[in-house]
Amino acid sequence: MQKLTEILRTTVVTSPASTGVSSNNGSTAEGERACPRCRGARFLRANVGVEHPEFGQAAPCSCALDEHARSRGDRLERYSNIGALSRLTFRTLIARGRSAAARDQERYQRCVSDASGFAQAPEGWIVLCGASGCGKTHIAAAVVNALLERGEPALFVVVPDLLDHLRAAYQPDAEVRYDALFERVRNARVLVLDDLGTQAPTPWAQEKLFQLVNHRFNARLPTIVTTNQLPEQMDERLRTRLTDAGLARVYVLEARRRPSDMRVLDVLDHPLIREMTLERFDARQVHLAGDDRRRIENAYRQALAFAEAPDGWLLFMGPHSAGKTHLAAAIANYRRQRGEAPLFVVVPDLLDYLRRGFSAEEPRGTFETFDEMKTAPLLILDDLDAQTGIAWVRDRLFQLLNYRYTARLPTVITTALTLDELGDRLASRLVDHAVCTAIVLGEPQRAEAPRRPPRGRGGRRT
């Protein structure tokens, strides 16, 4: 592929009406067949009388117009930097995407429809997030190719390559000076920034990217961005621009693919869990005394607020059938409807998996799954139960919760136990008012054999 600096140095994009057709002597290149209409002259004179205003004026022949269109198309393609990606069009897109999940397919189709409309009338921004191979680059390239087919300019750049070219432009012998290169890219009529987030995260790279994105944000220039990062993982300054509701449409086509073991542990797709939404939560079906109804209403309000803006931890405590799992699942379903990939894990199932995995001859997959769980953007741990009395269980759960505690990652926990029964180390993370909000739905269920005399519960009650 030709270097971006070479393309921008040698390519000048003109409007269709900016180039006239000269009248030559009618000669054609050797072996080239002359146009039967103008016989190689490339223009025609109107057959009108002397009194006609167009008498004596030359008009371009259709052969000259066709040649000009082809020449302009070649220039546009060189300017676009699309290269080998010219094969990626809307016609060659996989109709429903590569994911087998129905929600991913529906979101993918909405994104393709939006991108097709953008190609017809470029306006605003489209930000495509998702794992490698989910079709982000294909959609972005299809937009560029559709614009080129209509004779409109667009520039496609891969972010790490762009940064390399900008660094090289500082050199004294650079073919295109830095200022000229940066100016052409940031003022491109339509710009595609592919693979944002794969560049080296140096302060210089972050600053140049922000300058580029911020300029196009302020100028409201049509832009498409593809990235393997979720919005919450982006640099804050970039995120505020790329997720601005008044300008950008953000599509999470497919969250980062999880190991097969993780897909087994995640029960969010189970039919019963999938139906547990905020809209379907019915306080009348919760088996609590009448005096606890206000607690239920408060728990619902807290769950809704957390679902709208996950921040910190949410701890649901109370007996079985108190509605804890429904509210936790409703939060996960709410976030997934907005394109995110929450992880919903039942703690006893997790402990069984860890027990088998860490005792296996090759526990590498278990460690990878455990690490994936520690860094999940939103983790729901359902039914933290009495197995916490076992030493190795407490150790593993503390590793998981302590990582998410220090990283301040959004987490929802449900338990039927008291804080005393959870143990000092686990409880110490759940009583931090700055991180965790505890919601008590009735009195938590006590284990049959408490390990120590009851103590006061810490944490914040709401």
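Here, every reference points to the structure presented above.
The following paragraphs examine the structure supplied in this document. (Residues numbered from 1 in each chain as written. Predicted model: local features only at pLDDT ≥ 70, side-chain atom pairs only at ≥ 80, totals over all residues. Heavy atoms only, no water.)

### Details of the overall build of the chain
Along the chain, the regular secondary structure elements total 17 helices and 13 strands. Expressed as a percentage of the 462 residues in the chain, the buried residues total 48%. Accessible area of the chain: about 23,300 Å², with a carbon and sulfur share of 49%. (Helix = DSSP H or I, 4+ residues; strand = E, 2+ residues; numbered from the N terminus. Buried < 20%, exposed > 50% of the residue type's maximum accessible area, 1.4 Å probe, protein only. Areas by Shrake-Rupley, 256 points an atom, 1.4 Å probe, with all protein chains shown as cover.)

### Considering the nonpolar core
Counting 33 residues, the largest nonpolar core has W313, L315, L350, M373, L381, I413 and L430 as its most contacted members. Ranked by the residues each element gives to this core, the list is headed by helix α15 (residues 391-407), at 6 residues. Residues V127, V159, A169 and A205 belong to the second largest nonpolar core, which totals 32 residues. (Core = buried A, V, L, I, M, F, W, Y, C linked by side-chain atoms within 4.5 Å.)

### What to know about the packing of aromatic side chains
Counting across every chain of the model gives 4 aromatic pairs. Relative to F217, the ring of W125 lies with its centre 6.1 Å away and its plane at 80°, an arrangement referred to as edge-to-face. Residue W125 is located in strand β3 (residues 125-130), and its partner F217 is located in helix α7 (residues 203-219); the two are separated by 92 residues in the primary sequence. Ring geometry for Y178 against F182: centres 5.6 Å apart, planes inclined by 10°, an arrangement best described as stacked. One end of the pair is Y178 and the other is F182, both in helix α6 (residues 178-186) and 4 residues apart, which spans about a single turn. Residue classification places Y178 among the buried residues on the basis of a relative accessible area of 12%. Of the residues examined, F182 reaches a relative accessible area of 8% and is grouped as buried. The positively charged end of R425 is found above the aromatic ring belonging to F398, 4.3 Å away from the centroid. (Phe/Tyr/Trp six-rings, centres within 6.5 Å; stacked < 30°, edge-to-face > 60°. Lys NZ or Arg CZ within 6 Å of the ring centre and 35° of its normal.)

### A word on the pattern of salt bridges
Per the stated rule, a full pass over the model turns up 11 salt bridges. Linking R336 and D269 is a salt bridge whose minimum nitrogen-to-oxygen distance equals 2.9 Å. One end of the pair, R336, is in helix α12 (residues 324-337); the other, D269, is in the loop between α9 (260-265) and α10 (271-274), with 67 residues separating them in the sequence. Overall, the relative accessible area of 45% leaves D269 in the partly exposed class. (Salt bridge = Lys/Arg side-chain N within 4 Å of Asp/Glu carboxyl O.)

### Comments concerning the pairing of strand β5 (residues 191-196)
Within β5, 5 of the 6 residues are buried, which leaves the element mostly enclosed by the surrounding structure. Direction of pairing for strand β4 (residues 155-158) relative to β5: parallel, over a ladder of 4 bridges. Within β5, the position partnered with V157 by the bridge is L193. By the bridge criterion, 4 bridges tie β5 to strand β6 (residues 223-227) in an arrangement that is parallel. What sits directly across from L193, in β6, is V225. A crossover connection joins β5 to the parallel β6 through α7; in handedness this β-α-β unit is right-handed. (Pairing = 2+ DSSP bridges. Right-handed = clockwise from strand over helix to strand, strands pointing away.)

### Some remarks on the sheet that holds β4
The parallel open sheet is built from 5 strands, whose spatial order is β4-β5-β6-β3-β7. Strands at the two margins of the open sheet, each flanked by one partner only, are β4 and β7 (248-254). The average undirected angle you get between the axes of adjacent strands in this sheet is 15°. This element, helix α3 (residues 102-120), spans β3, β6 and β7 of the sheet and lies at about 140° to β7. (Axes fitted to C-alpha atoms, helices over the stretch in contact; angles between N-to-C directions. Contact = heavy atoms within 4.5 Å.)

### Focus on the packing of α6 against α7
α7 packs onto α6 with a crossing angle of 45° between their chain directions and a minimal axis gap of 10 Å. Relative to α7, the element α6 is oriented oblique. Remark: the crossing between α6 and α7 carries right-handed chirality. In this structure, α6 contributes Y178, F182, V185 and R186 to the contact, and α7 contributes K208, Q211, L212, H215 and R216. Taken together, the residues of the contact of α6 with α7 sort by class into 4 nonpolar, 2 polar and 3 charged. (Parallel < 35°, antiparallel > 145°, perpendicular 65-115°, else oblique. Left-handed = near helix turned anticlockwise from the far one by under 90°. Nonpolar A, V, L, I, M, F, W, Y, C, P; charged D, E, K, R; others polar.)

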